[in-house]
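Each chain, written out:
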Amino acid sequence: MSKTAKGLVDWCQQFVGHPYWYGTFGQKPTEALLMQKKRQFDSIGQTIHYQESRLPTYRQHIRAGKEVFDCVGLIQGYMWWNGQRIVYDASTDVNANGMLNRAAVKGPIASMPDRPGLCVWFQNHIGVYVGNGMVVEARGFAHGVQLTRLSQRPWREWLECPYIAYAPAGPQLTLEVNGRNVPMVMKNVSGRTFVQLEGEHNQKHWIQVRALAETLGIPRDRIGWDANTQTVRLEVR
């Protein structure tokens, strides 16, 4: 069963509002599962996850009957879904940091292209970018699976999940102003070039390059395009 970026996005979005159980990947919550997880993590000294004070809340989750996940388990549930059920695969069972380490395509969060289905990471945690500046993440016991704003969380890296098939990225574009490259995220949509600017409160906004040039007072004859290097050149005088 082929796994795609769009499929990952669709999978994650359907579980917004579901509970967070550490060490799970989409199981139905039961008393037996709760006791299994408590024994498992108590035995290795990670007693915080299934401490006694949390058990009443976990039992509320059992009564509600919604599938449960931790952060990387939300992604693994999709990886292991065979169309009818989730089939555990030990060879791809890695934590959030392991997912980043195995990724062949990744980079700092400031360079992330606007591609739904990419994963976002900070130490010991991972989520899935679903587009429009939003992320689905199994955030923790107190939060469950949530839809959060990318810019309002401390993400440090982005990555292509190493077990998901991604369509080729769009053209790599460069913005050059007065002969100097400007570090911006760029994208091309139907022949129109956009750059991503960071504004108030670190909110990121896409703006069309021609609109940017007009704002800077640059006439059209000073806007150049080099197809060989995929570079947009603006000349400010």
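Note that residues are indexed from 1 along each chain, following the sequence as it is written. Only residues with pLDDT of at least 70 are given local features in this predicted model, and only at 80 or more are side-chain atom pairs given and counted; all residues enter the totals for whole chains, interfaces and linings. Hydrogens are left out, water is left out, and the side-chain values use all remaining heavy atoms of the structure.

1. Description of the layout of surface pockets
Then, number 1: Grid points spaced at 1 Å over the protein atoms alone were grouped into cavities, where a 1.4 Å probe fits but cannot get out, and pockets, open sets with protein on both sides within 12 Å along at least five of seven lines, with lining residues defined by an atom within 4 Å of a point. Grid points are joined across faces, edges and corners, and a volume is the space filled by probe spheres set on the points. Considering only enclosed or pocket space, the second largest pocket measures out at about 550 Å³ in volume.
Then, number 2: Lining the second largest pocket are 30 residues, with Tyr22, Gly23, Asp70, Val72 and Asn95 positioned closest to its centre.
Then, number 3: In this description a helix means any DSSP run of H or I spanning at least four residues, a strand means any run of E spanning at least two, and both kinds are numbered starting from the N terminus. At the level of secondary structure, the elements contributing two or more residues to the lining of the second largest pocket comprise helix H2 (31-42), helix H4 (71-79) and helix H5 (96-102).
Then, number 4: Counting residues per element, the lining of the second largest pocket draws most heavily on H4, which supplies four residues.
Then, number 5: Following the grouping adopted for this structure description, the nonpolar residues are Ala, Val, Leu, Ile, Met, Phe, Trp, Tyr, Cys and Pro, the charged ones are Asp, Glu, Lys and Arg, and the polar ones are all others, Gly among them. Per-class residue counts for the lining of the second largest pocket are 13 nonpolar, twelve polar and five charged.

2. Looking at helix H3 (residues 55-64)
Then, number 1: Only protein chains enter the area calculation, which uses a 1.4 Å probe; residues under 20% of their type maximum are buried, those over 50% are exposed, and those in between are partly exposed. For H3, the complete set of buried residues consists of Leu55, Tyr58 and His61. Seen end-on, H3 carries its buried residues on one side only, within an arc spanning 110 degrees. Exposed and oriented more than 90 degrees from the buried face of H3 are Arg63 and Ala64.
Then, number 2: Between two residues, a contact is recorded if the distance between any of their heavy atoms is within 4.5 Å. Here the buried face of H3 lies against H2.
Then, number 3: Backbone geometry just downstream of H3 places Gly65 in the positive-phi region, at approximately 80 degrees. For this quantity, the arc is that covered by the directions from the helix axis to the C-beta atoms.

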